[in-house]
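Residue-level listing of the chains:
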Amino acid sequence: MEAQLIDHPLILHKLTLMRKKDTPPALFRGLLKEISVLMGYEVTRDLELKNIDIETPVSKTTGSKLSGRKMCIFSILRAGEGLAQGLLDLIPTAKVGHVGLYRDPNDLHAVEYYFKAPPHLNERFNLVVDPMLATANSAITALDRIKRAGAKNITFLCLLAAPEGIKALNDAHPDVKIYTAAIDEKLNEKSYIVPGLGDAGDRIFGTI
Ligand code: PRP
Ligand code: URA
C-alpha cells in the first residue's frame, strides 16, 4: 500500500481532538486549518527553487525563490475547503481550483456538479486536497477531471485514509503521490471510515 504518512506528534494530537464526537464545528475547522499548515510544510518539500540576488541591510547575497508557475491547490468541495484555506495562508501566491463532488448515497459513485481551474495546469505542481479518502471514488473522479484539464504533476493530500481507498487510488492513478496523517482500520457498511471522524463536510460546516 502506497501512501506517505505525515504523523508528526502535533498533527496526531490535533487529529484526535477532531475525531471526538463532541468537538464543535468552530474548533473542528480551526484544528483542520492548523493541521493543513503542518501537512503543507511536508508536501511542498520538493518545490523547486531558483537563486536570486538580493541586498540585505548589511551586504549583497544570493537567496532563494520558488521557481516556475505558481502551484495550484485543488479543493474537492465541500470538505476540501477545510484544508485549502490553511494551505492558502501558507502559500498565498498559489492558484486555486475547485472540483464540486458529492457521494451518491445509493451507490457511492461521485457526482460532479462544478469544475473551475486556472490555466497552464500542465506546468504547475497541483495539490489536490480532501480530508477524507474512503472508497476513493471522489478522489479518482476528481483526478480524472483534473488530468483531463491538463494537469500532469499531481499530489493528493488527505487527513484520514481507509486502506481500501489508498489501494483504489493507487490502482487508478499510480502516478499520484498520496499524503495522509493516518490510515484507519477499514470502511463500515456505509463506507464511512472506522474509527474515522464522521462526515467531514458536515462537521466543518455544522450541517449534521
Ligand atoms: C466526503 C469527503 C470526500 C468523500 C470521500 O464528501 O469530503 O469527498 O466523501 O468519500 P469516498 O472516498 O468514498 O468518495 P461528501 O460526498 O460527503 O460531500 P461533501 O464534502 O459535500 O460533504
Ligand atoms: N466521507 C466522509 O466525510 N467521512 C467518511 O468517513 C467517509 C466519507
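Look above for the structure.
Thresholds applied
Residues numbered from 1 in each chain as written. Chains lettered and ligands numbered in written order. Predicted model: local features only at pLDDT ≥ 70, side-chain atom pairs only at ≥ 80, totals over all residues. Heavy atoms only, no water. Axes fitted to C-alpha atoms, helices over the stretch in contact; angles between N-to-C directions. Helix = DSSP H or I, 4+ residues; strand = E, 2+ residues; numbered from the N terminus. Parallel < 35°, antiparallel > 145°, perpendicular 65-115°, else oblique. Left-handed = near helix turned anticlockwise from the far one by under 90°. Contact = heavy atoms within 4.5 Å. Near = heavy atom within 4 Å. Polar contact = N/O pair within 3.5 Å; in protein donor to acceptor, adjacent residues only side chain to side chain. Areas by Shrake-Rupley, 256 points an atom, 1.4 Å probe, with all protein chains shown as cover. Expected span 1.5 Å × (residues − 1). Buried < 20%, exposed > 50% of the residue type's maximum accessible area, 1.4 Å probe, protein only. Pairing = 2+ DSSP bridges. Nonpolar A, V, L, I, M, F, W, Y, C, P; charged D, E, K, R; others polar. Lys, Arg positive; Asp, Glu negative; His and termini not counted. Salt bridge = Lys/Arg side-chain N within 4 Å of Asp/Glu carboxyl O.

> I'm lost on the packing of helix α2 (residues 25-43) against helix α3 (residues 81-90) in this one. Help?
Helix-helix packing is described using two parameters, namely the angle between the two axes and the distance between the axes. In contact at an axis separation of 8 Å, α2 and α3 are set at 55° when each is read in the N-to-C sense. As summarised for this structure, α2 and α3 are arranged oblique, according to the angle between their axes. α3 is crossed by α2, and the crossing has right-handed handedness. On α3, the residues that touch Leu32, Lys33, Ser36, Val37, Gly40 and Tyr41 of α2 are Gly82, Leu83, Gln85, Gly86, Leu87, Asp89 and Leu90.

> Before we go on, may I ask you to explain the site of ligand 2 in this structure?
The full set of residues close to ligand 2 is Arg103, Met132, Ala134, Ser191, Tyr192, Ile193, Gly198, Asp199 and Ala200. In this structure, glycine 198 approaches ligand 2 through a main-chain N or O atom, which is 2.8 Å from a nitrogen atom. Within the backbone of alanine 200, one N or O atom sits 2.8 Å away from an oxygen atom of ligand 2. In the complex, 89% of the free accessible area of ligand 2, which totals 240 Å², lies under the protein chains.

> Can you walk me through α2 in this structure?
It helps to recall that an α-helix has 3.6 residues per turn; residues three or four apart then point in one direction. In a regular helix each residue adds 1.5 Å, so 19 residues correspond to 27 Å; α2 covers 26 Å between its end C-alpha atoms and thus fits that length. Three or more residues of α2 are buried, namely Phe28, Leu31, Leu32, Ile35, Ser36, Met39, Gly40 and Val43. For α2, the secondary structure elements touched by its buried residues are α1 (9-19), α3, β7 (125-129), β9 (153-157), β11 (177-180) and α6 (200-205).

> Sorry if this is basic, but what is going on with the pairing of β9 here?
Looking along a regular strand, one sees side chains alternate from face to face of the sheet. Counting buried positions along β9 yields 4 of 5 residues, so the element is predominantly enclosed. Both β7 and β9 contribute to a ladder of 5 bridges, which runs parallel. Its bridge partner lying in β9, phenylalanine 125 is registered against asparagine 153.

> Explain the sheet that holds strand β5 (residues 95-103) to me, please; I cannot follow it from the model alone.
Sheet strands line up and pair through hydrogen bonds in the backbone, either parallel or antiparallel. The sheet built from 7 strands is open, its strands ordered β1-β11-β9-β7-β4-β5-β6 with mixed pairing. If you trace the sheet from one side to the other, it starts and ends with β1 (4-5) and β6 (110-116), each paired once. Here 6 bridges tie strand β4 (residues 72-77) to β5, and the two strands are oriented parallel to one another. When the bridges of β5 are listed, phenylalanine 74 appears paired with glycine 97.

> Whenever I open this one, the site of ligand 1 confuses me. Can you help?
Close to ligand 1 lie 16 residues; Arg103, Asp130, Thr135, Ala136 and Ser138 are nearest. Contact distances for ligand 1 include 2.5 Å between an oxygen atom and a side-chain N or O atom of threonine 135. If ligand 1 stood free it would expose 500 Å²; the protein chains cover 91% of that surface. Those elements that place two or more of their residues in the shell around ligand 1 are β5, β8 (132-133) and α4 (137-148). It is β5 that contributes the most residues to the shell around ligand 1, 3 residues altogether. Taken together, the residues of the shell around ligand 1 sort by class into 8 nonpolar, 4 polar and 4 charged.

> How do you make sense of the side chain of arginine 124 when you look at a structure like this?
Here arginine 124 shows up in the loop between β6 and β7. An unpaired buried charge is present at arginine 124: no salt bridge exists, and glutamate 123, the closest side chain of opposite charge, is 7.4 Å distant. A distance of 2.8 Å separates the side chain of arginine 124 from the backbone oxygen of lysine 70, its partner in a polar contact. Apart from residues lying up to four places away in sequence, arginine 124 is in contact with Arg69, Lys70, Cys72, Lys95, Pro118, Pro119 and Asn153.

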